[in-house]
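A look at the structure
Single-letter residue listing:
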Amino acid sequence: MAEVIIVKDEDEAGEIYAEAVLRLFKEKSDPVLGLATGSSPLAAYRHLAKRLQREGINTENVRGFALDEYAGLDPQHPQSYRSTINRTVVEPLHLNPELVRVPNGNLDTIQTAGADYDAAIAKAGGVDIQILGIGTDGHIGFNEPGSSLASGTRIKTLTEQTRIDNARFFDNDVTKVPTHCITQGIGTILKARHLILLAFGEGKAQAISETVEGGISSFCPASALQLHPHATIIVDEAAGGRLRNKDYYKWAFKNKPEWQGI
Ligand code: GLP
């Protein structure tokens, strides 16, 4: 089972994420981070940036792989995931942009871009820590319900719900949200050595309940985390509001030996 941690807010979750990444950076000279867009990881990146600065840790060898990108959207567009990752991760963490990759959504090469991306991840030695958000329909990356749990990086069609959820980044105009994307597959995500999924707010409560305590099903893509040997799911009270075993998760985390980390 995944470890479930119930925190008071995004800052507490961010501190836990930053601590795990700091540990990794101290153990490994060329760590590989799996990166995600969306609002859920923002506090985590902020806390990580603060810790790196405070402890004077050099990040020039850190490599990164983002989960997904819109298909056919100019990478220079402010809402492309390339731009978003640059703004929210590369700049505040002072990473080398050349070592941080985002799937290539260029329509001319999209048929081979997925396999190329998976090969690049493998060549880098795999992802050490993958941060994840979750869609209201249980998607991770852009793996919408029905995605193969063994999938590699590939082109996908976005659901109407996801496009509505993401319209806020496109002048609240759903027609401006691209219809397709390229996303790491669930099989790709499961190869990362440690998964940390963050979810906040009541809007995520149903998806979290299905992810943690429902059956493993492509209908809730995040439920594939149950198959992973090292998955950590960090939620606030609202996102964890429908968990049946909430008291147990709290007790287990409170009584965990400090040396163990997450
Ligand atoms: C998009 C991204 C996902 C992200 C989801 C939730 O669909 N492709 O990676 O998890 O949004 O976003 P938020 O964290 O803003 O709720």
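Residues numbered from 1 in each chain as written. Predicted model: local features only at pLDDT ≥ 70, side-chain atom pairs only at ≥ 80, totals over all residues. Heavy atoms only, no water.

**Quick word on the overall build of the chain**
When its secondary structure is counted, the chain shows eight helices and 10 strands. Its C-alpha radius of gyration of 17 Å places the chain within 12% of the 18 Å reference for a compact globule of 262 residues. When its C-alpha atoms are laid out on the principal axes, the chain stretches across 55 × 40 × 35 Å. In the chain, which comprises 262 residues, the proportion classed as buried is 53%. In the chain, the proportion of contacts linking residues at least 24 apart, taken out of those at least 6 apart, comes to 77%. On the chain, roughly 12,100 Å² of surface is accessible, and the fraction owed to carbon and sulfur atoms is 50%. Of the side chains in the chain, 27 bear a positive and 33 a negative charge, and the two mean positions are spaced by 3 Å. (Helix = DSSP H or I, 4+ residues; strand = E, 2+ residues; numbered from the N terminus. Rg over C-alpha atoms; globule rule 2.2 N^0.38 Å. Buried < 20%, exposed > 50% of the residue type's maximum accessible area, 1.4 Å probe, protein only. Contact = heavy atoms within 4.5 Å. Areas by Shrake-Rupley, 256 points an atom, 1.4 Å probe, with all protein chains shown as cover. Lys, Arg positive; Asp, Glu negative; His and termini not counted. Charge placed at Lys NZ, Arg CZ, Asp CG, Glu CD.)

**A look at unusual backbone geometry**
Of note, the phi angle at aspartate 171 is positive, near 55°, even though the residue is not glycine. With respect to the secondary-structure elements, aspartate 171 resides in the loop between helix H5 (160-166) and strand E8 (180-183). The exposure class of aspartate 171 is exposed, given its relative accessible area of 60%. For asparagine 172, which is not glycine, the phi torsion reads 55° and is therefore positive. Counting through the fold element by element, asparagine 172 comes out in the loop between H5 and E8. With relative accessibility at 63%, the residue asparagine 172 sits in the exposed group.

**Notes on the pattern of salt bridges**
Here the idea is simple: oppositely charged side chains can pair when their charged atoms come close. Scanning all chains against the criterion turns up 12 salt bridges. Counted as one network, the salt bridges with shared partners bring together Glu19, Lys26, Arg51 and Glu55. (Salt bridge = Lys/Arg side-chain N within 4 Å of Asp/Glu carboxyl O.)

**As for the packing of helix H1 (residues 10-27) against helix H2 (residues 42-54)**
For the pair H1 and H2, the least separation of the axes is 7 Å and the interaxial angle reads 50°. Comparing their axes, H2 and H1 come out oblique. Considering only the axes of H1 and H2, their crossing is right-handed. Contacts between H1 and H2 involve Glu10, Asp11, Gly14, Glu15, Tyr17, Ala18, Glu19, Val21, Leu22 and Phe25 on the former and, on the latter, Ala43, Ala44, Tyr45, Arg46, His47, Leu48, Arg51 and Leu52. Partitioned by chemical class, the residues of the contact of H1 with H2 number 10 nonpolar, two polar and six charged. (Axes fitted to C-alpha atoms, helices over the stretch in contact; angles between N-to-C directions. Parallel < 35°, antiparallel > 145°, perpendicular 65-115°, else oblique. Left-handed = near helix turned anticlockwise from the far one by under 90°. Nonpolar A, V, L, I, M, F, W, Y, C, P; charged D, E, K, R; others polar.)

**Quick notes on the nonpolar core**
Tyr17, Leu33, Leu197 and Ile208 are the most contacted members of the largest nonpolar core, which totals 73 residues. Looking at this core element by element, the count peaks at nine residues for H1. Every residue in contact with isoleucine 208, bar those within four places of it in the chain, is listed here: Ile134, Leu197, Ala199, Glu213, Ile233, Val235, Ala239 and Leu243. (Core = buried A, V, L, I, M, F, W, Y, C linked by side-chain atoms within 4.5 Å.)

**Focus: H2**
Compared with an ideal rise of 1.5 Å per residue, which puts 13 residues at 18 Å, H2 spans 18 Å between its outermost C-alpha atoms and is within 8% of the ideal. Contact partners of the buried residues in H2: H1, strand E2 (32-35), helix H3 (81-90), strand E6 (129-132) and strand E9 (194-199). Once H2 ends, the next one or two residues include glycine 56, with phi positive near 60°. (Expected span 1.5 Å × (residues − 1).)

**Overview of the packing of aromatic side chains**
Under the criterion given, the structure shown has seven aromatic pairs. Judged by centre distance (6.5 Å) and plane angle (80°), the ring pair of tyrosine 17 and tyrosine 45 falls under edge-to-face. Placement of the pair is tyrosine 17 in helix H1 and tyrosine 45 in helix H2, with a sequence separation of 28 residues. Among the residues examined, tyrosine 17 registers a relative accessible area of 0% and is labelled buried. (Phe/Tyr/Trp six-rings, centres within 6.5 Å; stacked < 30°, edge-to-face > 60°.)

**A short note on the environment of glutamine 206**
Here glutamine 206 lies in helix H7 (residues 205-213). Placed 203 residues apart in sequence, glutamine 206 and glutamate 3 show a C-alpha to C-alpha distance of 18 Å. Within the structure, glutamine 206 has its side chain in polar contact with the side chain of arginine 242 (distance 2.4 Å). (Polar contact = N/O pair within 3.5 Å; in protein donor to acceptor, adjacent residues only side chain to side chain.)

**Observations regarding the site of the ligand**
Surveying the vicinity of the ligand reveals 13 residues, the closest of which are Ser39, Ser40, Asp68, His139 and Lys204. Serine 40 has a polar side-chain atom sitting 2.5 Å from an oxygen atom of the ligand. Lysine 204 is positioned with one of its side-chain polar atoms (N or O) 2.7 Å from an oxygen atom of the ligand. Isolated, the ligand exposes 390 Å² of accessible area, and the fraction of that covered by the protein chains is 93%. Here the residues of the shell around the ligand sort into three nonpolar, seven polar and three charged. (Near = heavy atom within 4 Å.)

**Describing the pairing of strand E10 (residues 231-236)**
Along E10, six of the six residues are buried, which leaves the element largely enclosed by surrounding structure. Across five bridges, E9 lies against E10 in parallel orientation. Bridge assignment links leucine 195 to a residue of E10, and that residue is alanine 231. (Pairing = 2+ DSSP bridges.)

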